[in-house]
Amino acid sequence: MGKTASTFAKATADKSAATAMTQKDNMPEQNDLMEKIVSLCKRRGFVFPGSEIYGGFANSFDYGPVGVELKNNIKQLWWKRFVHQRSDMTGIDAALIMKPSVWEASGHLKEFSDPLIECTKCHHRFRPDQIPGYEQISVVSKPGEIASFKFSADTVCPNCKTPAMECLNPYQAKKFNLMFKTFIGPSEEQTNVAYFRPETAQAMFVDFKNVLDTARKTVPFGIAQIGKAFRNEITPGNFIFRTREFEQMEIEYFIAPPKTDEDWNKYFEMWRENMLLWIKDDLGIDIKHIHELEVPESDRAFYSKRTIDFEYDFPFGKSELYGLAYRTDYDLSQHQKASGQDLRYMDPQTNEKYLPHVIEPTWGVDRSVLAVLCEFYREEADRVVLASPPRLAPYKAAVFPLLKNKPELVAKAREVYSLLTTHYSLGPIAWDDRGNVGKRYYSQDEIGTPFCITVDFDTIEKDNTVTVRNRDTKEQPRVKIEELQNYISKSLQ
Ligand code: GAP
């Protein structure tokens, strides 16, 4: 969440990509891990390559049957923690395509861009940091400024290998806007141009007045949103880490204009702690794998007074997972100016009117999914296990009839399945009657199902109990069917 990130998603993302590239080379076993995760995702239905039957579509991915459950669990836990369990929060779900004036006011139309250098021989375009031997000699610190670069004498075009002196003019670095353009209505005229949102954040500013008028909230309070964002990234990669279409979970937390640094810092710290709690208590990620990067002023968006990136030890290197920024009153004041609407808040106690300032914690959904997969992937002698906390597991349990060709076992197992899904509402439960029980365990372990419930002859002939095989301990106690709900829900806390 550096310069180009919130408004202007670049600095940190670029740095992470660079780190990723170098660390990748040094970490073959970690590289291996990434390959194994990608393969598991495809094999077991977490994430598929997009448009695969047409030969695939670079850097586009589809979440499959278990991936969508994992992703939904993450989003639901987030919404529960940050919206439903807090009286100072409320949510919205805004349009993906907003009026272009929004992006003009926010600065995205002008500034949401990466500088690109084009090789005059092969016409490939590169971000300067993708060209070995580049050196940045000036940085963008204000809107409108253009960065400049130089190259060492032996630099060549990474694509056609022509010496840089002959084909790469650093002063030809052109700004490439990262927003996806489309047209509204049947004719493709300039007046009908619109953009897919590059962040969910702006809708919270644009809807600020409507939320104020309807939600009976007093400052400090926050607006949350989960939804898709689109960026025409120059260098997507590392599986679902950087894609052109992704999901964000964002909060804009509105506070009174601070009189001292302490006035905003206390909310910044509150959100810092909350973000760490989310990582630790909801995702269950070991906090040792998280690194906080205090983004230096030179890399921050020009309006940001403080930015922290939360980085995770991905197999391809330490890279940005989430961000936290103090955006001042930049966005509300831009929208107030551009729309001509009074967006000020009136303090009910003092009748004072002011534009609130904003602390913005932001989370990537797809990066959360990837971090969870990386954190909990385990290889054991005889199996692969996704040992995630049961609350994140795509299926809370799987139900099996011991034998598929015994109608009485199948009927009883169907009864147990419907009890768990309909009556107890435990969340998604898998049904599996293929192969033998050993194979079913293997396949449920790979997708992280915490319990496998088998209906056998003792169930119907003796005591109405089933075996409940535990993913982590492999123990298989017998549990009464009527106690299954408690047995499983205890693990979901
Ligand atoms: N409103 C602030 C903002 O958009 P950002 O750092 O650009 O800040 C927030 O994005 C989060 O969105 C990142 O921390 C990351 O988790 C996720 N994200 C950003 N670009 C992404 C991409 N191309 N693919 C997947 N996730 C991305």
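None of the values given here were measured: they were computed from a predicted structure. (Residues numbered from 1 in each chain as written. Predicted model: local features only at pLDDT ≥ 70, side-chain atom pairs only at ≥ 80, totals over all residues. Heavy atoms only, no water.)

**Let's talk about the environment of Gly-364**
Phase 1 of the analysis: Checked against the element boundaries, Gly-364 lands in strand S19 (residues 357–364).
Phase 2 of the analysis: Once the C-alpha coordinates of Gly-364 and Ala-229 are considered, the two residues, 135 residues apart in sequence, prove to be 9.9 Å apart.
Phase 3 of the analysis: Discounting chain neighbours no more than four positions away, the residues touching Gly-364 are Glu-247, Leu-321 and Tyr-322. (Helix = DSSP H or I, 4+ residues; strand = E, 2+ residues; numbered from the N terminus. Contact = heavy atoms within 4.5 Å.)

**A word on the packing of helix H3 (residues 65–84) against helix H9 (residues 261–282)**
Phase 1 of the analysis: Contact geometry for H3 and H9: axes closest at 12 Å, N-to-C directions at 140°. Viewed along their axes, H3 and H9 adopt a mutual orientation that is oblique. In terms of crossing hand, the pair formed by H3 and H9 is right-handed. Packed against H3, whose contacting residues are Ile-74, Leu-77, Trp-78, Arg-81 and Phe-82, the element H9 presents Trp-271, Asn-274, Leu-277, Trp-278, Asp-281 and Asp-282 at the interface.
Phase 2 of the analysis: Looking at the contact of H3 with H9, its residues break down into seven nonpolar, one polar and three charged. (Axes fitted to C-alpha atoms, helices over the stretch in contact; angles between N-to-C directions. Parallel < 35°, antiparallel > 145°, perpendicular 65-115°, else oblique. Left-handed = near helix turned anticlockwise from the far one by under 90°. Nonpolar A, V, L, I, M, F, W, Y, C, P; charged D, E, K, R; others polar.)

**Comments concerning the confidence of the model for the protein**
Phase 1 of the analysis: This prediction gives the protein a mean pLDDT of 90; 90% of its residues lie at or above 70.
Phase 2 of the analysis: Confidence drops under pLDDT 50 across residues 3–28; counting only partners more than four residues distant or on other chains, this segment forms 75 contacts.
Phase 3 of the analysis: This stretch, residues 140–145, has a pLDDT under 50; its non-local contacts, to residues over four places away or in other chains, come to eleven contacts. (pLDDT = per-residue confidence, 0-100.)

**Some points on the pairing of strand S22 (residues 397–401)**
Phase 1 of the analysis: Most of S22 is tucked away: five of the five residues are buried.
Phase 2 of the analysis: In S22, alternate side chains face the same way, and those of Ala-397, Val-399 and Pro-401 on one face and Ala-398 and Phe-400 on the other are all buried.
Phase 3 of the analysis: Note: S22 against strand S23 (residues 429–431), three bridges, orientation parallel. The partner of Ala-398 across the bridge, within S23, is Ala-430.
Phase 4 of the analysis: Between the parallel elements S22 and S23, the chain passes through helix H12 (residues 407–423) in a crossover that is right-handed.
Phase 5 of the analysis: Across four bridges, S22 lies against strand S24 (residues 451–455) in parallel orientation. For Val-399, the partnering residue across the bridge sits in S24 and is Ile-453. (Buried < 20%, exposed > 50% of the residue type's maximum accessible area, 1.4 Å probe, protein only. Pairing = 2+ DSSP bridges. Right-handed = clockwise from strand over helix to strand, strands pointing away.)

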